[in-house]
Amino acid sequence: MLRYDRSRYIALGLPSLFNAAVLVYTLNIGAAGLPDGYTERFYWVLASLLGLFGATAMIKRARDIGSSAWGILLGFMFAPPLMLLVALVLSFAPSNPAADSLEPPSPPVSSKDWFIGLAILTLPWLTVLLIRRL
C-alpha cells in the first residue's frame, strides 16, 4: 500500500511517531554520544524502529495528499523536532483522490488497524517497564 488515508495515518503513524519522540526526549537518550549500557542501546533501537515506521507512514500520507515524499525525508534529516508539527498537520489535511494515479485509494480502516495502532502505542512502554525491572 503506497497511500495512507487520514484515519489509517492516525491509527498507525501517529502512535509510532509519538512513542519515538517520547523515548528520545523524555528518557534522556539524546545525541550527546553513544550510549554505554545495553538499556540505552535498546532504547535507541526501539526509538529508531518506531521513528522509521512513523516516517514511512508520513511518506504514505504525503503521497495521499499529493505532496512530495522528499520533503518529509529532508525534514527528518535537518529538522526532526519540526517534523512532529508536520505529523500533526498531516493528520488534518484532506486526501486528494487524484494524487496518485498508480494506486487506488486505500480501503477503509478496520478494527484490526486500530488494534495494531493501540498495540504500537502500548507495547513499547511495556517492554521499557520490563527492561527497567530487570
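Structure's up top.
Treat the numbers as computed from the prediction; the structure is a model and nothing was measured.

A. Representation of the nonpolar core. Of all hydrophobic cores here, the largest spans 21 residues; its most connected members are Tyr 9, Leu 23, Leu 50, Met 58, Ile 72 and Ala 87. Taken together, the elements giving at least two residues each to this core come down to α1 (6-26), α2 (38-65), α4 (80-92) and α5 (111-133).

B. Molecular detail of the environment of Val 86. Its place among the elements puts Val 86 in helix α4. In this structure Val 86 comes out as partly exposed when scored by relative accessible area, which is 27%. Taking the C-alpha atoms as reference, Val 86 lies 8.6 Å from Ile 72; in sequence the two are 14 residues apart. Once residues within four sequence positions are removed from consideration, Val 86 is found in contact with Met 58 and Ile 72.

C. Expanded view of the packing of α1 against α5. Here α1 crosses α5 at 10 degrees, and the two axes come no closer than 7 Å. It follows that α1 is roughly parallel to α5 by the angle criterion. In this structure, α1 contributes Ser 7, Arg 8, Ile 10, Ala 11, Leu 12, Pro 15, Ser 16, Phe 18, Asn 19, Val 22 and Leu 23 to the contact, and α5 contributes Asp 113, Trp 114, Ile 116, Gly 117, Ile 120, Leu 121, Pro 124, Trp 125 and Val 128. Within the contact of α1 with α5, the residues separate by chemical class into 14 nonpolar, 4 polar and 2 charged.

D. Highlighting the pattern of salt bridges. Counted by the stated rule, this structure contains 4 salt bridges. Taking the shortest distance from any N to any O, the salt bridge between Asp 64 and Arg 3 comes out at 3.0 Å. A residue pair is termed long-range when its members are at least 10 positions apart, and Asp 64 in helix α2 and Arg 3 in the segment before α1 qualify at 61 residues. As far as the burial class goes, Asp 64 and Arg 3 line up, both buried. Across the salt bridge formed by Asp 5 and Arg 8, the nearest N and O atoms sit 4.0 Å from each other. For the pair shown, Asp 5 and Arg 8 are each scored as buried. Because the salt bridges share partners, they merge into one network encompassing Arg 3, Arg 61 and Asp 64.

About the cut-offs
Residues numbered from 1 in each chain as written. Predicted model: local features only at pLDDT ≥ 70, side-chain atom pairs only at ≥ 80, totals over all residues. Heavy atoms only, no water. Core = buried A, V, L, I, M, F, W, Y, C linked by side-chain atoms within 4.5 Å. Buried < 20%, exposed > 50% of the residue type's maximum accessible area, 1.4 Å probe, protein only. Helix = DSSP H or I, 4+ residues; strand = E, 2+ residues; numbered from the N terminus. Contact = heavy atoms within 4.5 Å. Axes fitted to C-alpha atoms, helices over the stretch in contact; angles between N-to-C directions. Parallel < 35°, antiparallel > 145°, perpendicular 65-115°, else oblique. Nonpolar A, V, L, I, M, F, W, Y, C, P; charged D, E, K, R; others polar. Salt bridge = Lys/Arg side-chain N within 4 Å of Asp/Glu carboxyl O.

Read these as geometric descriptors, not functional statements.
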